[in-house]
Each structure stands twice: as C-alpha cells, then as structure tokens.
Amino acid sequence: MEGSLAGKVAAVFGIANQRSIAFGIAQNLAACGARLALSYQNERMGKSIDKLAEDLGNPWRRECDVTQDSAVAEFFGAVRDDFGRCDIVVHSVATAKREELGGSFLDTSWEGFALAQEVSAFSLVRLCKHAAPMLEEANGSVLALTYLGSERVVPNYNVMGVAKASLESCVRYLASDLGPRGVRVNAISAGPIRTLSASGVSDLVTMLNFVAEKSPMRRNVTIDEVGKAARFLLSDEASGVTGQILFVDSGYHIMGM
Ligand SMILES: NC(=O)c1ccc[n+]([C@@H]2O[C@H](COP(=O)([O-])OP(=O)(O)OC[C@H]3O[C@@H](n4cnc5c(N)ncnc54)[C@H](O)[C@@H]3O)[C@@H](O)[C@H]2O)c1
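This report concerns the structure included in the present document. (Residues numbered from 1 in each chain as written. Predicted model: local features only at pLDDT ≥ 70, side-chain atom pairs only at ≥ 80, totals over all residues.)

A closer look at the overall build of the chain
Next, step 1: Helix and strand content of the chain: seven helices and seven strands.
Next, step 2: Each helix (α) and strand (β) of the chain, taken in turn from the N terminus, gives the series β-α-β-α-β-α-β-α-β-α-β-α-α-β.
Next, step 3: Since a compact globule built from 257 residues should have a radius of gyration of about 18 Å, the 17 Å found for the chain is in line with a globular shape.
Next, step 4: Residue burial in the chain is summarised as follows: out of 257 residues, 46% are buried.
Next, step 5: Long-range pairs, those at least 24 residues apart, make up 74% of the contacts in the chain between residues at least 6 apart in sequence. (Helix = DSSP H or I, 4+ residues; strand = E, 2+ residues; numbered from the N terminus. Rg over C-alpha atoms; globule rule 2.2 N^0.38 Å. Buried ≥ 20, exposed ≤ 12 C-beta atoms within 10 Å, placed from the backbone. Contact = placed C-beta atoms within 7 Å.)

Rendered as structure tokens:
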C-alpha cells in the first residue's frame, strides 16, 4: 500500500487527540503518501492537534465547525486555494448530549435528538455538498464512521444509534447521487474503542469487555486497524465499492448468541 495514495489530498474531519479514530486513519493515509488537510472543531482541539502534528508530518490544518455551513464552504475553498484538489474526505465526527447516552431512550429530548442528527449525520451531507466539485474532478472517495447501534439496540447508545441509522442511510443516498459523478461513499462500522466521544457512553467498559469476550476474535479493535481498512476503502483498491458499510469489529456483529 506504500505510495498508493501518492499525490492525493485527504481532508480529515474529527481528530481530537491521539486516541481518535480519525488519527489512526490520518496516520495510515499519510503512510500511503496522501497529503493531509486536517479540520478541527475549535481552538482547544487545534491545540491538541498541534501536539500530534509531528507524528503526521506537520500537516495543513484549519478550524471548522461542521454545524456552520459557511465554515465548511470556507474550509473546502481554502483546500482548493492551497492544494488545488481534494481526493478524499473522512467524516469521523459525532456528538450527543452526555445525559442522553445513558438511561432510557424514551427520555430523549428534541434538542438532543436534533443535535445528534445535525452533527453526526447531516454534516456528512454538508461536507459532500461542498467537496463534490473537487471530488468529481479527482474521482474521489468519502468515508464515514458508524457503529452497530444503528441497527441493533445497544444499551445506553440511544439517541446516537438513531443518528447512526440516519448516517448509514445518508451514505447510501450520497453514494447513489455521487456515483454517476465518479465519487464513492462508504462507511466503516467500528467496534467499540476507548476514545473521547466513546467515554461519553455510559458503561463503555462493559461494552469493551463484552466484545473482548464474545467476538470471534476475542478482542477489541484498534484505531490502526480501522485506519488500515479506511485506506483500502479510500484507495483505488476499492474502485468498485460504494454505498457499503464495512464492519471492523473483530467479527462481533455476526454473532447471534
Ligand atoms: N470510539 C468508538 O467506539 C466508535 C465506534 C464506532 C464508531 N465511532 C465513530 O467514530 C467517529 C469518531 O469518533 P471517535 O471515537 O474517534 O471520538 P473522538 O472524540 O476522538 O472524535 C469525535 C470528533 O468529533 C468532533 N466534533 C464533534 N462536534 C463537532 C463539530 N460541531 N464540528 C466539528 N467537529 C466536531 C470532535 O471534535 C472530535 O474530534 C464518530 O463518528 C464515532 O461515532 C466510534
């Protein structure tokens, strides 16, 4: 895979720190020769990324809150100005009210529901809308991150499970819209990984232990394993693959009992 992404420009959304899945993906894309254009949510995340910059070859980076249409437009405008192209978009962004990632789903508020949908699902549509002209020129590829809680009930995942169901449907509709323009859209459904966002889900430790005990591979996955699958889906190796959800979860999702 070395050099397989040489000359390509990858816009990566969602690095908060060295535990972030997006960090594992960015490392793998850079190792394959991609040039990185990183986006971070706010100044605090920017400082966190500054500390990781050396590991990623001191990449280009810019603040972008994905709930702000103008910020996303400016981000991709700056990518065009500075790189002249965008081949890859990685959407590794999600949020929900902490108090709604536990307890009863019945207690979900409209505000919490709308927040989870806007940040975790609709933002993929927004990124694709603004990146589409450059992705079309490059025969580009888009990747989102999802979780099994979209299709099965996972205790405490609640409002985020519904947002992930929406995100996965967005992947399929976007794949259909952008396919004729030569752009592929896929998602990876990762097993639980201890990250900043995941620690907001009540009883994450039980989820991790359960997968380690019950999955075919009897362990959890790493951000590097997600990164390796991402570089496959985002490279020409996967040129015939679109609209798919690829599980990178030690096989956990196949088990019935
Ligand atoms: N960790 C897991 O167990 C797991 C499993 C499956 C899928 N995922 C998904 O992987 C993705 C990455 O999550 P992670 O686990 O690496 O956690 P993380 O906390 O490291 O990353 C989440 C990122 O979302 C960003 N974000 C939130 N609101 C934003 C906004 N308004 N604008 C811009 N950025 C915003 C945060 O700044 C952060 O960088 C998410 O979509 C998550 O749902 C995580």
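Describing the pairing of strand 1 (residues 9-13)
On any regular strand, side chains alternate: one points to one face of the sheet, the next to the other face.
Next, step 1: Counted residue by residue, strand 1 has five buried out of five residues, so it is predominantly covered.
Next, step 2: Residues V9, A11 and F13 line one face of strand 1 and the alternating positions A10 and V12 line the opposite face, and both faces are buried.
Next, step 3: Bridge analysis of strand 1 against strand 2 (residues 35-40) gives five bridges, and the strand direction is parallel. Of the residues in strand 2, the one forming a bridge with A11 is A37.
Next, step 4: The β-α-β motif built from strand 1, the intervening helix 1 (residues 21-31) and the parallel element strand 2 has right-handed crossover chirality.
Next, step 5: Note that strand 1 and strand 4 (residues 88-91) share four bridges and pair parallel. (Pairing = 2+ DSSP bridges. Right-handed = clockwise from strand over helix to strand, strands pointing away.)

Topic: the packing of helix 4 (residues 110-138) against helix 5 (residues 158-178)
Next, step 1: Two elements in contact, helix 4 and helix 5, have axes separated by 8 Å at closest approach and are oriented at 20°. By the angle between their directions, the pair helix 4 and helix 5 is classed as roughly parallel. With respect to the hand of their crossing, helix 4 and helix 5 are arranged in right-handed fashion. Where helix 4 abuts helix 5, its residues G112, F113, A116, Q117, S120, A121, L124, V125, C128 and A132 lie against V159, M160, A163, S166, L167, C170, L174 and L178.
Next, step 2: Taken together, the residues that form the contact of helix 4 with helix 5 break down as 14 nonpolar, four polar and no charged. (Axes fitted to C-alpha atoms, helices over the stretch in contact; angles between N-to-C directions. Parallel < 35°, antiparallel > 145°, perpendicular 65-115°, else oblique. Left-handed = near helix turned anticlockwise from the far one by under 90°. Nonpolar A, V, L, I, M, F, W, Y, C, P; charged D, E, K, R; others polar.)

Here's the deal with the sheet that holds strand 4
Next, step 1: On the basis of which strands lie adjacent, the open sheet formed by seven strands has the order 3-2-1-4-5-6-7 and parallel pairing. Lying at the two open borders of the sheet, with one neighbouring strand each, are strand 3 (60-63) and strand 7 (245-248). The mean inter-strand angle of the sheet, taken between neighbouring strand axes irrespective of direction, is 20°.
Next, step 2: Those strands touched by helix 2 (residues 43-52) are strand 2 and strand 3, and its axis lies near 145° from that of strand 2.
Next, step 3: Relative to strand 4, helix 4 is tilted by about 175°, and along the sheet it contacts strand 1, strand 4 and strand 5 (141-146).

Here we look at the site of the ligand
Next, step 1: Taken together, the neighbourhood of the ligand is formed by 26 residues, with A16, S20, L145, T195 and S197 sitting nearest.
Next, step 2: The set of elements that each furnish at least two residues to the shell around the ligand consists of helix 1 and strand 5.
Next, step 3: Grouping the constituent residues of the shell around the ligand by class yields 16 nonpolar, nine polar and one charged. (Near = placed C-beta within 6 Å.)

Here we look at the environment of G140
Next, step 1: Mapped onto the fold, G140 is located in the loop between helix 4 and strand 5.
Next, step 2: A C-alpha to C-alpha distance of 9.9 Å links G140 and R85, two positions 55 residues apart in sequence.

A few points about unusual backbone geometry
Next, step 1: Despite not being glycine, N139 has its phi angle at roughly 50°, a positive value.
Next, step 2: Relative to the assigned elements, N139 resides in the loop between helix 4 and strand 5.
Next, step 3: In this structure, N158 takes a positive phi of about 40° despite not being glycine.
Next, step 4: Among the secondary structure elements, N158 is positioned in helix 5.

Thoughts on the environment of S166
Next, step 1: Relative to the helices and strands, S166 is located in helix 5.
Next, step 2: Distance from S166 to G182, taken between C-alpha atoms, is 23 Å for residues 16 residues apart in sequence.
Next, step 3: Apart from the residues lying within four places of it in its own chain, the contact partners of S166 are Q117 and A121.

Structural notes on the pairing of strand 2
Next, step 1: Buried residues dominate strand 2, accounting for six of its six residues.
Next, step 2: The alternating pattern of strand 2 places R35, A37 and S39 on one face and L36, L38 and Y40 on the opposite face, and all of these are buried.
Next, step 3: Bridging between strand 2 and strand 3 involves four bridges; their strand directions are parallel. Bridging across to strand 3, L38 finds its partner in R61.

Shape is all these values report; function is a separate question.
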